[in-house]
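Read off the chains here:
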Amino acid sequence: MEQVNQGAREDAYHRAAHALYRTLSQAAISVMTPIAAVLVALGFGAALLWLNGFNGTDVVTVMVFGAFQDVRSIAEILLKATPLILIGAGLCVAFRCSIWNIGAEGQLYVGAIAATFVGTSIDGLSVWVHAPLVMLAGAVAGAAWAAIAGYLKVRFQASEIVTTIMLNYIAIILTSYLVTGPMKDASAAYPQSARLVREAWTPRLVSDLRLHIGIVVAIVLAVALYIFLQRSSRGFALRVVGLNPHAARYAGMNVARNVMIAISISGAMAGLAGAFEVAGVTHRLYQNISPGYGFEGIAVALLAANNPLAAILSGGLFATLRSGSEILQITSQVPQVLVLIIQGMVILSVVAFAKFRDVLRVLR
C-alpha cells in the first residue's frame, strides 16, 4: 500500500513538474520571440544603412535609445502607443472570433469624423460632459462602420477582408470630401475642419506635454477586453465561434450574433482611437488624420497572439519604433524611404517570428 501511495506521489510530482516546465517554456517563447524578431530586423536595418553610406549603428544608438532620451520623448511614445493599443486590443477580439477585420483604418477615420462633428457643433457643455461625448461618438461611429462588414458577412457570406478594405477607401475619401467641403474651416487655406471647442479636448496628463488621458483609457480597455474574452460567457462564446462555428452552432450558440459583437467591438476601439487623435492631438480633422495606425494595429494584434493584454506591450513596441524612425530621419538625415523599409522589416520580422512561435507551441 505504501508503495502505491509513493508511486502516486511521484506521478503527481512528475505531472506538476511537467506542467511547470511547459508554462515556463511557453512564457520564455512568448518573451524571447518578439525580442529576437526586433533584433533580427534591426540587424538587417543596420546592414541596409551601411550599404547606403550611413552609419549602421544609428539603428540602435539613434532609432532605439534616442526614443528614450528624455521625458518628452517617452511621452511622445506613449502618445503614439494610445491608438495602437486601442486598435490592437480591439482587433484581438475580432481575430479570436476568426473575423479578419482589415478595416481599422477606415473605422478610425469614421470615428474621427463623428468626434469632430460633436466637438464642433455643440457648445456650452462642461469638459466632463463634452469630452466623454466626443469619445462616445467616435466609438459608436467606428462600431457602426465595422458592423456594415459584419452584416454583409452574416447575411450574404461576403468576405470581411474584402468589405473592410473597401470600406477603408470609402472612409478616407469621405474624410477628404468633408474637410474640403461641408466641414472645411472657412478661414483656413488648407483642407481641415474647424477647431474643436476647448471643452471637447481630451484632458492632458501633464500640462506641458501632449500626452493625454487616452493612454490610461487604452490600457484599462485592453485589460477589460482580456477579462471579457477569458472570464465571461460571451467571451467564451466568441472564442468557440472562432475555433469552430459549426460546433458552436450545434451547441446552441448564435454564430451571427457573436460575429456582429466581435467586429463591432473592434470597430468601436478603432473609432475611439480616431476620436482621441482628433480631441487629444490635432484638435481638428485633417485629410490624413492617421499615419497608418489602423494597418499597424493588425501587426500589434498578431504580435500579441490575439491577447488584448499583450497588445499593451506590442503597441508600446511599435510606438517606440515609430518614434525612433522619426528621430533617425531627422538626426541622421536618413531618407524617408529607408526609414520606411526598416519599419517594414520590423513588421515582417515580428509577424514571421509570431508564426514561428505558434508552431513551437503546437510542437510542444
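Residues numbered from 1 in each chain as written. Predicted model: local features only at pLDDT ≥ 70, side-chain atom pairs only at ≥ 80, totals over all residues. Heavy atoms only, no water.

J.: What's the story with the environment of Leu229 in this structure? I'm lost.
T.: Here Leu229 lies in helix α7 (residues 214-231). Residue classification places Leu229 among the buried residues on the basis of a relative accessible area of 0%. C-alpha separation for the pair Leu229 and Val93, spaced 136 residues apart in sequence, amounts to 7.4 Å. (Helix = DSSP H or I, 4+ residues; strand = E, 2+ residues; numbered from the N terminus. Buried < 20%, exposed > 50% of the residue type's maximum accessible area, 1.4 Å probe, protein only.)

J.: Honestly, the packing of helix α3 (residues 71-96) against helix α11 (residues 293-303) in this entry has me stumped. Any pointers?
T.: Pairs of packed helices are described in terms of their axes, by the angle between the two and the distance that separates them. Relative to each other, α3 and α11 sit at 60°, their axes nearing to 8 Å. As judged from the angle between their axes, α3 and α11 are oblique. Note on packing geometry: the crossing formed by α3 with α11 is right-handed. Of the residues in α11, those in contact with Lys80, Pro83, Leu84, Ile87, Gly88, Leu91, Cys92 and Phe95 of α3 are Tyr293, Gly294, Glu296, Gly297, Ile298, Val300 and Ala301. Per-class residue counts for the contact of α3 with α11 are 10 nonpolar, 3 polar and 2 charged. (Axes fitted to C-alpha atoms, helices over the stretch in contact; angles between N-to-C directions. Parallel < 35°, antiparallel > 145°, perpendicular 65-115°, else oblique. Left-handed = near helix turned anticlockwise from the far one by under 90°. Contact = heavy atoms within 4.5 Å. Nonpolar A, V, L, I, M, F, W, Y, C, P; charged D, E, K, R; others polar.)

J.: Which parts of the structure should I look at to understand the packing of helix α5 (residues 127-156) against helix α10 (residues 255-282)?
T.: Contact geometry for α5 and α10: axes closest at 6 Å, N-to-C directions at 145°. Of the two possible hands of crossing, α5 and α10 adopt the one that is right-handed.

J.: Explanation requested: the environment of Gly292 in the structure shown.
T.: When you line up the elements, Gly292 lands in the loop between α10 and α11. Gly292 gets classed as buried once you look at its relative accessible area, which sits at 14%. Linking Gly292 and Leu108, residues 184 residues apart in sequence, is a C-alpha distance of 9.9 Å.

J.: Got a minute to help me understand the nonpolar core in this structure?
T.: Nonpolar side chains in soluble globular proteins tend to be buried together. Core analysis: the largest hydrophobic core is formed by 100 residues, its most contacted members being Ile87, Leu285 and Leu328. Examining the composition of this core, we find that 14 residues originate from one element, α3, more than from any other. (Core = buried A, V, L, I, M, F, W, Y, C linked by side-chain atoms within 4.5 Å.)

J.: Honestly, the pattern of salt bridges in this entry has me stumped. Any pointers?
T.: Charged atoms that come close allow side chains of opposite charge to pair. Inspection of the entire model under this criterion finds 6 salt bridges. Notably, a salt bridge pairs Lys80 with Glu326, separated by 3.6 Å at the nearest N-O pair. Of this pair, Lys80 sits in helix α3 while Glu326 sits in helix α12 (residues 310-331); the two residues are 246 residues apart in sequence, bridging distant segments of the chain. Because the salt bridges share partners, they merge into one network encompassing Glu76, Lys80, Arg210 and Glu326. (Salt bridge = Lys/Arg side-chain N within 4 Å of Asp/Glu carboxyl O.)

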